[in-house]
Amino acid sequence: MGITGTALGLLGIALVLLMDTSHPYLNLVAFGFGACVLGLFSRVGGGIYTKAADVGADLVGKIEAGIPEDDPRNPAVIADNVGDNVGDIAGMGADIFASYVNALVATMILGLAFQSNSLPFFYPLIIMFIGFVSSLLTMLLMNFNRNIEPAKLVRYAPLLTSFFTIVGTFIHSSYTDLSTLNEKSYIPSIVVALGIVGGTLIGLVTEWYTSGKPVRDIANASLAGGGSNAIRGISVGMESSFIPAVIIIIMILVANYFLGAYGIGLAAVGMLSTMAITTTIDGYGPISDNAGGIAEMSELGEDIRNITDKLDAVGNTTAAIGKGFAIGSTSLTALALVAAFTNQIIQKVGFDTNILNISDPFIIVGLLAGGIIVFLFSALTMRAVGDTALSMVEEVRRQFKTIPGLMEGTATPDYKACVSISTKAALKQMIIPGFLTIIIPLIAIFAFPMHGLSVLSGVVIGTLITGIFMALFMSNAGGAWDNAKKYIEAGKLAGHKKGSDAHKAAVLGDTIGDPFKDTSGPSLNIVIKIVATLALLILFI
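Cut-offs used in this document
- Residues numbered from 1 in each chain as written.
- Predicted model: local features only at pLDDT ≥ 70, side-chain atom pairs only at ≥ 80, totals over all residues.
- Heavy atoms only, no water.
- 1 Å grid on protein atoms, 1.4 Å probe; cavity = no way out; pocket = protein on both sides within 12 Å on 5 of 7 lines; lining within 4 Å.
- Points joined across faces, edges and corners; volume = space filled by probe spheres on them.
- Helix = DSSP H or I, 4+ residues; strand = E, 2+ residues; numbered from the N terminus.
- Nonpolar A, V, L, I, M, F, W, Y, C, P; charged D, E, K, R; others polar.
- Salt bridge = Lys/Arg side-chain N within 4 Å of Asp/Glu carboxyl O.
- Buried < 20%, exposed > 50% of the residue type's maximum accessible area, 1.4 Å probe, protein only.
- Patch = residues over 30% accessible without salt bridge, like charges linked within 9 Å, V, L, I, M, F, W, Y side chains within 5 Å.
- Areas by Shrake-Rupley, 256 points an atom, 1.4 Å probe, with all protein chains shown as cover.
- Core = buried A, V, L, I, M, F, W, Y, C linked by side-chain atoms within 4.5 Å.
- Contact = heavy atoms within 4.5 Å.

1. Brief notes about the layout of surface pockets
Looking at the second largest pocket, its volume works out to about 410 Å³. As for the second largest pocket, its lining consists of 25 residues, of which Val154, Arg155, Pro158, Glu207 and Ile321 are closest to the centre. For the lining of the second largest pocket, the element with the most residues is helix α6 (residues 187-211), which contributes 7 residues. For the lining of the second largest pocket, the residue count by class is 12 nonpolar, 10 polar and 3 charged.

Structure, rendered in structure tokens:
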């Protein structure tokens, strides 16, 4: 998954540059926009599909019927397992692919400001290639010791790849004249390393909030009931956005100090240069989850399920790290796109920096419109999951009541009915959120003929600022709720196990967190990128 996504990104950029040399920059932005559109529908549609099935399976199966997770008697279990693939593999892959492509596109366009030679234009491609080779090298080294503990593999593989990429970048700088970028040839390598280290730190912070003390705090809050669990989870999610925001701010300031707007793009490229290994590690989670589902449905025994549960617990951590990486990379990618957007306003359209004057009421209008995109999009995707989950719950209840012998295990559930509910809802209910994300930037530019660029600039920045924090909050809160439930299921909360009141409260919190972490939160990554890319595309057209 990681190798394919990275290779296709590099191949796609290369083909676009070879296709039409008369409009290379327009073609690059269009390629990036296409990646965002795919990511939008994969993330939103996949998120609605998987979480509607997951919520329906949990609410009726675990709480009402009292049967284990992935029990073959549950009619929604097949849709749930398919949803892991649709949402967590296809959706995440499309999301990070869009970041990868657009970080390259934005930084290459920003490289046009250095008109003395073409090195700044192609330098981001070189860094991505170094990161790709570093990821392959890490995978080969990991295969030499197949007995390595999964938790160690998850932690060491990205760190080792980051180390190889940083070393490779500095070696490249020692053999290449980078004076066009900075008179000190090692400065670009420092900026790339900054992006890599920043991405790693954001992943570690996310891991702590979704598997450390905050998770235990949520589990303890479950002793007071579902309401207490929900309040604590929301608090953890909100708090978790602070440190990543500080890291992103420091990265922006340092990168801008060394290389200006180009440095911000280069930091994004550095962060995403390790995408191959990061995406690979992220895929570990849903694969382990589905392995547990297959073990349960095939009745392989408690000993096998115990193994897959341990793998699944590590997988939750990898998924959380992946979401943190996706949000962090989205932030820097979007900032690079914003920098390219403002540069194009100044250089191509002929406006000066007054077009971005914060005292301009049209900028304020755009900022508010960008912010409302995030909230309205989140509301629509959450509602889509809720409505579809209700249909799923009703179908599962109906089958338990009307199919004789279902609870006894002597009859086969109608799995296709539940799969059909998720599929139709995902296809139908992703249309309006997707349409909203694209239409508001178009309205901004065309509804205000004299002030369209001011409004559009506000929309891009408003979506970026609001979307980053909402995505961090929702993704981390959902991950913490999920692991708090698993913490109780593992018997780590003294005197409380599966089926206890504390566990039921944790299941309720996890049910709220499911659309948070797997639908609305991750989908906002794409919303941020698609608005920024569309704005840049409008300028080139």
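2. Comments concerning the pattern of salt bridges
Oppositely charged side chains can form a pair if their charged atoms are brought close together. Evaluation of the coordinates by the stated rule reveals 11 salt bridges. Residue Asp95 pairs with Lys529 through a salt bridge whose shortest N-O separation is 2.7 Å. Placement of Asp95 in helix α3 (residues 77-110) and of Lys529 in helix α16 (residues 501-540) is noted, with a sequence separation of 434 residues between them. One exposure class covers both Asp95 and Lys529, and it is buried. One salt bridge in this structure joins Lys213 and Asp217, with 3.1 Å as the shortest N-O distance.

3. Concerning a nonpolar patch on the surface
On the surface, Leu8, Leu11, Leu15, Leu18 and Met19 cluster together to form a nonpolar patch covering roughly 560 Å² of accessible area. Mapped onto the secondary structure, Leu8 falls in helix α1 (residues 2-19).

4. Notes on the nonpolar core
Residues Ile13, Leu28, Leu104, Met108, Leu524 and Leu536 are the most contacted members of the largest nonpolar core, which totals 129 residues. Considering every element that reaches this core, the biggest residue donor is helix α15 (residues 452-489), with 18 residues. When near neighbours in sequence (up to four residues on either side) are disregarded, Leu28 contacts Ile13, Val16, Leu17, Val105, Met108 and Phe121. By size, the runner-up hydrophobic cluster in this structure holds 12 residues, among which are Ala53, Ala76, Val393 and Val396.

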